[in-house]
There are 2 protein chains.
Amino acid sequence: MELFSYFRSSAAYRLRIAFNLKGIEHQIRPVNLLKAEHKSEEYLAMNPQGLVPALKINDGRVLTQSTAILEYIEATQSGQALLPSDEFEAATVRSWVNQIACDIHPVNNLRILKYLSNELGADDDAKNTWYKHWIEVGFSALEKQLGDGPFCYGEQVTLADVYLVPQVYNAKRFHVDMSQFPKISAIVDHCNTLDAFIQAMPENQQDAPK
Amino acid sequence: MELFSYFRSSAAYRLRIAFNLKGIEHQIRPVNLLKAEHKSEEYLAMNPQGLVPALKINDGRVLTQSTAILEYIEATQSGQALLPSDEFEAATVRSWVNQIACDIHPVNNLRILKYLSNELGADDDAKNTWYKHWIEVGFSALEKQLGDGPFCYGEQVTLADVYLVPQVYNAKRFHVDMSQFPKISAIVDHCNTLDAFIQAMPENQQDAPK
């Protein structure tokens, strides 16, 4: 399988973690967003949204949207299960996933930040405040729902961790004070001691600047 | 089951459609967002995010996040299947779902629009332009991916329709020119001839203003 990725894309980062956890053989195909490779005719033919990630499966067909890809991987691939077997528990994990995937991440996406400055005249301060605000709103609610670790869902690593780690990576880039969120911080610190998470880090990607 | 809903919430609207399509017995519990009932201590104890919808299942446990709830319903309830049985096809439908649930809807949520005016000084014109922009970006990509109907996924009604219909409802409220999107428009017009969709419409809810 070919995973179209950009080292700093948190949606691609999710897939990299999950593929590592499950031990799925794959090739990373870097898409340089700074060179607008995601807006090339070739890439748009594969993904009309022009976003990373995309996944080309063995028969050449393409899937887009990280959450759809992860559900597909979970349903079709062997290796470490990333959802609890009980459907209510799985729904709880999916709720955490969606709190990040819908209510935190898209609001802080690069295209949104660009719109804020280009169309609404927001300066860097206003953009940083915006960024921190939506992370803090989301993390405050999430912090109340999590237990004592070591993972979001107790002893089992799940998709919730797969989404949380890249989101915290972004939060730190924007200097969010993570001491407000001790449970989230402890879970992410634990995840980041594991090979699957370390190898998926932006700075460890082939397309990261040296 | 008890579905905590607000007539105009599009995430609650999704659940109302799906529950009707599947014929799931449930009671609607209106949560008046204008009276800040979602910020009450009682509601926050159930859903720390303070968002609708939430679902209380028969044993009293609560689920949040529409996409997590819909996956739960799909996995546990009988009635009309809302995902194709083939996993690749299901992933394609989930990709459409997530294009709406992550990349269109949250960016235009009420709390975002409030932030734009309260913190960034955006006037009504700037907010309407913002709203239309993200719908048009999302729908333009989606329009390229859809077939000739009658539903998003051909002859079978799926979660993609469950998400698309409320999003188009919002688009029309904000006067988006839907003639740009003939496939989306035809699919939604078709859905809105069906009882399950009609009964779920905001104006047909018990908490809609008379």
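Residue indices begin from 1 for each chain and proceed along its sequence in written order. Here every chain gets a letter starting at A, and every ligand a number starting at 1, in the order they are written. With the structure being a predicted model, the display of local features is reserved for residues of pLDDT at least 70 and the display and counting of side-chain atom pairs for 80 or more, all residues being used for whole-chain, interface and lining totals. Side-chain metrics in this entry use all non-hydrogen atoms of the structure; hydrogen atoms and water are not considered.

**Some details on unusual backbone geometry**
All names here are of chain A.
Right, so step 1: With omega at 5 degrees, the peptide bond leading from Gly-149 into Pro-150 counts as cis.
Right, so step 2: A run of DSSP states H or I qualifies as a helix once it reaches four residues; a run of E qualifies as a strand once it reaches two. Both are numbered from the N-terminal end. Along the chain, the position of Pro-150 falls in the loop between helix 6 (124-145) and helix 7 (159-173).
Right, so step 3: The phi torsion at Ala-36 lies on the positive side, around 60 degrees, for a residue other than glycine.
Right, so step 4: The residue Ala-36 is located in the loop between strand 2 (27-30) and helix 2 (41-46) in this model.
Right, so step 5: When its relative accessible area of 35% is taken as the criterion, Ala-36 is described as partly exposed. Residue burial is assigned from relative accessible area. The probe radius is 1.4 Å, only protein chains are included, and a residue is buried under 20% of its type maximum, exposed over 50%, and partly exposed in between.

**Comments concerning the domain arrangement of chain A**
Interface size is often expressed as the accessible area that is lost when the parts come together.
Residue and element names in this part refer to chain A.
Right, so step 1: By domain assignment, chain A separates into domain 1 (2-80) and domain 2 (87-196).
Right, so step 2: Each domain's extent was defined by an automatic or database domain assignment. Measuring from the centre of the C-alpha atoms in domain 1 to the corresponding centre in domain 2 gives 20 Å.
Right, so step 3: Only heavy atoms enter the contact rule, under which two residues are in contact if any of them lie within 4.5 Å. With 13 residues of domain 1 at the contact, the number on the domain 2 side is 15 residues.
Right, so step 4: Once two parts are brought into contact, the accessible area they lose, counted with a 1.4 Å probe and summed over both, makes up the buried area. In this assembly, domain 1 packs against domain 2 so that about 1500 Å² is buried in total across both faces, 62% of it on carbon and sulfur atoms.
Right, so step 5: Salt bridge, as used here: a side-chain nitrogen of Lys or Arg that lies within 4 Å of a carboxyl oxygen of Asp or Glu. Counting across the interface, domain 1 meets domain 2 through one salt bridge.
Right, so step 6: A salt bridge links Arg-94 to Glu-71; its shortest N-O distance comes to 2.6 Å.
Right, so step 7: A 3.5 Å cut-off defines polar contacts: any pair of N or O atoms within that distance qualifies, except that in protein one atom must be a possible hydrogen donor and the other a possible acceptor, and neighbouring residues in sequence count only when both atoms are side-chain atoms. Counting across the interface, domain 1 meets domain 2 through five residue pairs in polar contact (both at pLDDT 80 or more).
Right, so step 8: Taken together, the elements giving at least two residues each to the side of domain 1 that touches domain 2 come down to helix 1 (10-22) and helix 3 (66-76).
Right, so step 9: With seven residues, the single largest contributor to the side of domain 1 that touches domain 2 is helix 1.

**Notes on the side chain of His-105 of chain B**
All names here are of chain B.
Right, so step 1: Residue placement: His-105 occurs in the loop between helix 4 (87-101) and helix 5 (110-120).
Right, so step 2: Among the residues examined, His-105 registers a relative accessible area of 13% and is labelled buried.
Right, so step 3: Those residues within four positions of His-105 in sequence are excluded, and the remaining contacts are Ser-10, Arg-14, Ile-100, Gln-167 and Asn-170.

**Looking at helix 6 (residues 124-145) of chain B**
Since one α-helical turn is 3.6 residues long, residues separated by three or four positions face the same way.
Right, so step 1: Compared with an ideal rise of 1.5 Å per residue, which puts 22 residues at 32 Å, helix 6 of chain B spans 32 Å between its outermost C-alpha atoms and is within 8% of the ideal.
Right, so step 2: What helix 6 of chain B keeps buried is the set Ala-126, Lys-127, Trp-130, Tyr-131, Trp-134, Ile-135, Gly-138, Phe-139, Ala-141, Leu-142 and Glu-143 of chain B.
Right, so step 3: Looking at the packing, one finds that the buried side of helix 6 of chain B touches helix 5 (110-118) and helix 6 of chain A together with helix 4, helix 5, helix 7 (159-173) and helix 8 (182-191) of chain B. Between the first and last residue of a helix there are one fewer steps than residues, each counted as 1.5 Å, and that sum is the expected span.

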